[in-house]
Each structure stands twice: as C-alpha cells, then as structure tokens.
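Geometric and topological summary
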Amino acid sequence: MWGRQYSMYKRLPPRDYANIVDMEENSALLQNNMSPETSNPSWRLSLPHVLVATITSFLFGYHIGVVNEPLESISEDLGFSGNTLAEGLVVSTCLGGAFLGSLLSGWVADGVGRRRTFQLCALPMIIGASMSAITNNLAGMLLGRLFVGIGLGLGPPVASLYVTEVSPAFVRGTYGSFIQIATCLGLMGALFIGIPAKEIAGWWRICFWVSTIPAAILVVAMMFCAESPHWLYKRGRTEEAEAEFEKLLGGSHVKFAMAELSKSDRGDDNDTVRLSELLYGRHFRVVFIGSTLFALQQLSGINAVFYFSSTVFKSAGVPSNLANVFIGIANLTGSLIAMALMDKLGRKMLLLWSFFGMAISMALQVTAASSYIPKIGALYLSVGGMLLFVFTFATGAGPVPGLLLPEIFPSRIRAKAMAVCMSVHWVINFFVGLLFLGLLEKLGPQLLYSMFSTFCVMAVVFVKRNVVETKGKSLQEIEIALLPQD
C-alpha cells in the first residue's frame, strides 16, 4: 500500500505535491495523536552519512596541524632553517590554496552535487600530500601545500552544507558539532603523529603520507552515501530526492520532508545566482552576517594558537609535546560539550558565551605578559589562559558558524553564499598564519593579545545584535522567516 502511495506522489508537480501531502500527512498524524514537530525520524539512518562527510573535517584539522611539530625538521632537511618567512609560507601557502578552492566550492557543489564534490576535494589532498612527502626542496613543499589547500578549500563548505541538508532538524546542531570534533581529532592526530619528528630523521615525510589514507577512504565511502535531497530537488530530480529522503529519514517521513521542501519553492531555484545578489542584492544581509562571523572567528586569534602553539609554549618554558596534548584535550572537551548543548541551549547562546570566554582568556594572556607579574605566576596565567581560550572556542565559536550559516542561507544561494563566506575565512586565516610570529616579535604579546581580546568583545556585540536562533527549526521554516516570499 505504501509503495502505491509513494509512486503516486512522484507524478505530482511540486506545489500540488505540497498541498496534498500537507493534508494527508496532517490527517495521519492527528489520527495517531502526533504532530509533524513531535514525529521525529530516527537519527541512526542519517548518522553514517554524516560521519563519512566529517572525514573532510578530520583532514582539515590534520593538514592545519601537520607542520606544527615537524616544522623545524622540515626546514633543516629542505634547507631553509632560520628563515621565518619560509616557515610562515609552509603554513600559509596551504591557506592560499584553500582560498582558491573555497571560491570555487559553491559552483562545484551546485554543478556536480555534494557527493562528487567530496570526492573531487580528496584528489588534490592526496596529490599534494604525496608531493610534500617526496620533495627535496622548498618549492616542492610549497606546491604540495598549495594542492592540499585547494582540497581543503573545497571540502569544509560542502561538509557544512551536506551535514545541514541531510540531518533531521532535531539533531542538526548535534551533527553539526561532529564537524568541529572531527577537526579537533585531526589536529590531535597530526600532533601525536608528529611527536617522533625530532628523533627520527625524515619522519615528517611519514606525517604527510598518513594523510592520504583518510582521503582515499573518503573517495570510496562517498560512493555509498546519499546525495543531498535539497540539491536533487533544486535540479528537478524529485523522484531521486524522495529516494534519498527514504535512506536518511525512513519511508514514513518522506512525504512530510518533500512537503517542507515545496513550501519554500519560489520557482527560481534553477536561476543563475549572480555574485551581485550576494554582495549588495537582497541576500546581502545574511551573507554579511556569515562573512563577519567567520572574520571575527579568525581575528580572535584561534589559528595563531593552533599554528604556533609549540613556539608560544616553548617561550613559556613548557615542553611542546606536553603543550600539544593539553591543547588537544581542551579542544576535544569543548567540542564534546558543544555537541551536548547545541540542540538544547541553541546556537546564539553558545556563540555569546564562547566569544565572551575567549575575551577573558586573552585578557589573562595580557596579564601574564605584564612585567608586574612574578615569573611563576605569569607561566600559570599564560598556559591556563591559552588552554581556556581553546576550550571556550571549541564550545561555540568553533562549531557554530559552520552550522549556522547553511541554516540561515536560502536554498537557492546556500552553496555559493557559503563559498563567499569561506573565502573571507581563508583570506584572514592566511594573513594571521603569515604575520602572527612577526607581529608577536614587533608588537609584543601584550598589545597583540589585547587586539585579539578586543575582536572577541566585538564578536559578542555583533552576535547579540545580528544572529537569529535556529535551534529545532526546519531549513524551510528558517528560510521563510528570514526571507519572506516576494
């Protein structure tokens, strides 16, 4: 009986589909004393698809941290030891490539689909990591890092899109937190694998080779994952969208999910999205909010902490291996707490308290750099402040923007708007990575950390005034609320 009903709905136009499904679904739910909001699908069906997608985030974290510990060995083996500009380029070239990849990500994701984009992003990561592993000079290392960066630029925006679009509303925040947890595990994996780099000659090459394994797994595993039903619906492939919803939500929720998609259908999903619409058209406000959130996230100083944590802790007299372990634990603990609270407290509350805690943490760093503080006290403040900073970042400022933005962007512009926002992210990320050590030497820790703390306070004010709560709402409800029908 279900099969006959299902095939009947395949033949209906989208708007007729919405009307009939609404009546039939609501009638069935009323008979069972249920409502669409309380009839939640099983989270177990979509979980495997989300976990495969977060391999991209694991690779992101791994490649961000892979040069942290072995950077000294790499510089000695490749002949640029003591050249701080070259060392900065090894970090920042990857970010430059990520900027290029992120510029293309929206158009690629909308053109070939989310699944194929995941597979495409893995290829330059495999090629680039292999090039870095076998090179004998700085140029080869930088070229390999550029290729890896392009893959990293393609991957994270699509991961955020995919997780948002395949997750049931009631666990979308929790699933979105998996992205930050996977990034954290990638960072920790890179730090642990890099530990023998100083004792074993050429170990840094192994560090790069290891990254090709999860990238290859991503290519293969994506063949068995569902395509985004939202993307299929935008392409007019309604029957395939229904089939994917059945994989992700279960057969009894297909009609309601398709009806929700139809409600936000303006009939313009296949129109070309012009860049002008995103930069100064009717979608400017949501793109501005997204870009500013990512900008403030990076200007808080978080990646300066991740890139150069070993150097900073060494100056405080803390062994780099121990410092890296503590940072990894703080990051993972904060990410797990965010996962538990994302669908309870909501996105906005986590962002507010996260940025506030980061501002306090940087204030501790400023105090530690003061000449009035005894050396032992400065050491505790510096280490404690940095660990608290990483922890509070992981509870909100880290995972929330990547989840929130695909939620607030209308379906028609979602992929391309994410590409624009992630481009802003990578540009600022690039310059922070390139200039941090030089600024630390010229400005001193007090002034630099004061600037970071100021940006965190600015973020608190911005979130309070501009960010809307999306907890527990379907993507269609959010879209209709933020961008009323023309």
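Just so you know, these numbers come straight off a predicted model, no measurement behind them.

1. Overview of the overall build of the chain
Scanning the chain from N- to C-terminus turns up 24 helices and zero strands. Here the chain holds 486 residues, and the buried ones make up 58% of them. Taking all contacts inside the chain whose residues are at least 6 apart in sequence as the whole, residues at least 24 apart take part in 84%. Accessible surface for the chain amounts to roughly 19400 Å². Of this, 67% is attributable to carbon and sulfur atoms.

2. Details of helix α4 (residues 55-65)
With ten of eleven residues buried, α4 is to be regarded as a mostly interior element. For α4, the complete set of buried residues consists of Ile55, Thr56, Ser57, Leu59, Phe60, Gly61, Tyr62, His63, Ile64 and Gly65.

3. Details of the pattern of salt bridges
Per the stated rule, a full pass over the model turns up ten salt bridges. Between Lys234 and Asp110 there is a salt bridge whose closest N-O contact spans 3.4 Å. Remark: Asp110 occurs in helix α6 (residues 84-112) and Lys234 occurs in helix α12 (residues 229-234); sequence separation between them is 124 residues. For Lys234, a relative accessible area of 7% puts it in the buried group. Judged by relative accessible area, which is 8%, Asp110 ranks as buried. Across the salt bridge formed by Lys416 and Asp110, the nearest N and O atoms sit 2.6 Å from each other. Here Lys416, found in helix α23 (residues 414-466), pairs with Asp110, found in helix α6; they are 306 residues apart in sequence, far enough to count as distant. Using a relative accessible area of 9% as the deciding quantity, one classes Lys416 as buried.

4. Observations concerning helix α13 (residues 238-249)
Between its first and last C-alpha atoms α13 spans 16 Å; for twelve residues at 1.5 Å apiece the expected length is 16 Å, and the two agree. Burial in α13 covers these residues: Thr238, Ala241, Glu242, Glu244, Phe245, Leu248 and Leu249. Looking straight down α13, one finds that the buried residues subtend no more than 165 degrees of arc, so they occupy a single side. Gly250 occupies a position one or two residues after α13 and carries a positive phi of about 100 degrees.

5. Re the environment of Val420
Its location among the elements puts Val420 in helix α23. In this structure the C-alpha to C-alpha distance between Val420 and Leu278, which are 142 residues apart in sequence, comes to 8.3 Å.

6. Comments concerning the nonpolar core
By size, the foremost hydrophobic cluster in this structure holds 101 residues, and its most contacted members are Tyr162, Met222, Val287, Leu293, Leu351, Leu405 and Phe409. Ranked by residue count, the leading element in this core is α23, at 15 residues. What Tyr162 contacts, discounting residues up to four positions off in sequence, is His49, Ala53, Arg114, Phe118, Met222, Cys225, Ala226, Glu227 and Ser228. Among the nonpolar cores identified, the runner-up in size contains 17 residues, and Tyr62, Val90, Trp204 and Phe208 belong to it.

7. Considering the side chain of Gln365
The topology assignment puts Gln365 in helix α20 (residues 347-368). When near neighbours in sequence (up to four residues on either side) are disregarded, Gln365 contacts Leu381, Ser382, Gly385, Met386 and Tyr449.

8. Notes on the packing of helix α16 (residues 284-299) against helix α22 (residues 400-408)
The N-to-C vectors of α16 and α22 enclose an angle of 175 degrees; their axes lie 10 Å apart at closest approach. Classified by the angle their axes make, α16 and α22 are roughly antiparallel. Here Val286, Ile289, Gly290, Leu293, Phe294 and Gln297 of α16 come into contact with α22, specifically with Pro401, Gly402, Leu404, Leu405 and Ile408. Tallied by class, the residues present in the contact of α16 with α22 amount to eight nonpolar, three polar and no charged.

9. Quick look at the packing of helix α7 (residues 114-134) against helix α10 (residues 203-210)
Taken N-terminus to C-terminus, the directions of α7 and α10 make an angle of 170 degrees; their axes are 8 Å apart at the nearest point. Between α7 and α10, the angle is such that the two are roughly antiparallel. Where α7 abuts α10, its residues Ala129, Ser130, Ser132, Ala133 and Ile134 lie against Trp204, Arg205, Phe208 and Trp209. For the contact of α7 with α10, the residue count by class is six nonpolar, two polar and one charged.

10. Side note on a nonpolar patch on the surface
Taken together, the side chains of Val427, Phe431, Leu435, Leu439, Leu443, Leu447 and Met451 make up a nonpolar region of the molecular surface, amounting to roughly 550 Å² of accessible area. Looking at the element boundaries, Phe431 is found in helix α23.

11. Let's talk about the environment of Gly88
Here Gly88 shows up in helix α6. When the C-alpha atoms of Gly88 and Gly438 are compared, they prove to be 9.6 Å apart, with 350 residues separating the residues in sequence.

Quick notes on the rules
- Residues numbered from 1 in each chain as written.
- Predicted model: local features only at pLDDT ≥ 70, side-chain atom pairs only at ≥ 80, totals over all residues.
- Heavy atoms only, no water.
- Helix = DSSP H or I, 4+ residues; strand = E, 2+ residues; numbered from the N terminus.
- Buried < 20%, exposed > 50% of the residue type's maximum accessible area, 1.4 Å probe, protein only.
- Contact = heavy atoms within 4.5 Å.
- Areas by Shrake-Rupley, 256 points an atom, 1.4 Å probe, with all protein chains shown as cover.
- Salt bridge = Lys/Arg side-chain N within 4 Å of Asp/Glu carboxyl O.
- Expected span 1.5 Å × (residues − 1).
- Arc of directions from axis to C-beta.
- Core = buried A, V, L, I, M, F, W, Y, C linked by side-chain atoms within 4.5 Å.
- Axes fitted to C-alpha atoms, helices over the stretch in contact; angles between N-to-C directions.
- Parallel < 35°, antiparallel > 145°, perpendicular 65-115°, else oblique.
- Nonpolar A, V, L, I, M, F, W, Y, C, P; charged D, E, K, R; others polar.
- Patch = residues over 30% accessible without salt bridge, like charges linked within 9 Å, V, L, I, M, F, W, Y side chains within 5 Å.

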